[in-house]
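# Observations on the three-dimensional arrangement
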Amino acid sequence: MRKERINKPLESIRSRGSLKKYLEYSSVDLHEAITIYERNMRLSEAFYSPLQCLEICLRNAMASQMASAYGENWPVNPDVPLHLDARKAVKEAKEKLPKDANQTNDIVAALSFGFWVALLAKRYDATVWREALFRAFLSSGKQKRPAVHER
């Protein structure tokens, strides 16, 4: 069990600022605050693998439908109705890749989970959702875009 001689160095490494909410919750009991912090860290670790699987499956299903509708080079195709922030995300992902990278696959893999979730937003309802993305969710029944985006 962790003792005071371990708590103090942990506190100095973590800083009071990062422990603030845990200290407030524990009535400024350092041992309890660090215990709660550790539990939160373990809980976050437990969600990492399922979240990573979700992200990869979502990304691959959506990218496949985008490629079917707009062509294999859809991320860089100027005719794809992506908004400015999505185009910026694609550009930034592309710039991080080595010159010899498989551009489309590597760009797709480099795009954040937020990018894919954003493609499910209302502003894409009349464009990429209806032209491509709804097909990525057909196996779970006919899904409406708002329900998919909310989930």
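Residues numbered from 1 in each chain as written. Predicted model: local features only at pLDDT ≥ 70, side-chain atom pairs only at ≥ 80, totals over all residues. Heavy atoms only, no water.

### Notes on the packing of aromatic side chains
- In total, this model carries 4 aromatic pairs according to the counting rule given.
- Arranged with centres 5.0 Å apart and planes meeting at 85 degrees, the rings of F115 and W116 form a pair that is edge-to-face. The exposure classification of F115 matches that of W116, with both residues buried.
- Put simply, the rings of W74, F115 and W116 pair up and form one aromatic cluster. (Phe/Tyr/Trp six-rings, centres within 6.5 Å; stacked < 30°, edge-to-face > 60°. Buried < 20%, exposed > 50% of the residue type's maximum accessible area, 1.4 Å probe, protein only.)

### So, the pattern of salt bridges
- On inspection of all chains with the given rule, the structure shows 5 salt bridges.
- Taking the shortest distance from any N to any O, the salt bridge between E92 and K88 comes out at 3.9 Å. With E92 and K88 both in helix α3 (residues 84-96) and 4 residues apart, the pair spans about one turn of that helix.
- R130 serves as the salt-bridge partner of D125, at 2.8 Å between the closest nitrogen and oxygen.
- Where salt bridges share partners, they join D125, R130 and R145 into one cluster. (Salt bridge = Lys/Arg side-chain N within 4 Å of Asp/Glu carboxyl O. Helix = DSSP H or I, 4+ residues; strand = E, 2+ residues; numbered from the N terminus.)

### Quick notes on the packing of α3 against helix α4 (residues 103-110)
- Where α3 meets α4, the axes come as close as 9 Å, and the angle between the chain directions of the two elements is 115 degrees. The orientation of α3 with respect to α4, classified from their angle, is roughly perpendicular. In the packing of α3 onto α4, the handedness of the crossing is right-handed. Two secondary-structure elements touch here, α3 through V90, A93 and K94 and α4 through Q103, I107 and A110. (Axes fitted to C-alpha atoms, helices over the stretch in contact; angles between N-to-C directions. Parallel < 35°, antiparallel > 145°, perpendicular 65-115°, else oblique. Left-handed = near helix turned anticlockwise from the far one by under 90°. Contact = heavy atoms within 4.5 Å.)

### Description of the nonpolar core
- Within the largest apolar cluster, 29 residues are counted, with the highest numbers of intra-cluster contacts made by M62, M66, W74 and W116.
- Of all the secondary-structure elements, those providing two or more residues to this core are α2 (30-70), α3, α4, α5 (113-118) and α6 (125-131).
- For this core, the leading source of residues is α2, giving 6 residues.
- The residues touching W116, leaving out its near neighbours within four places in the chain, are L58, R59, M62, A63, W74, V108 and L111. (Core = buried A, V, L, I, M, F, W, Y, C linked by side-chain atoms within 4.5 Å.)

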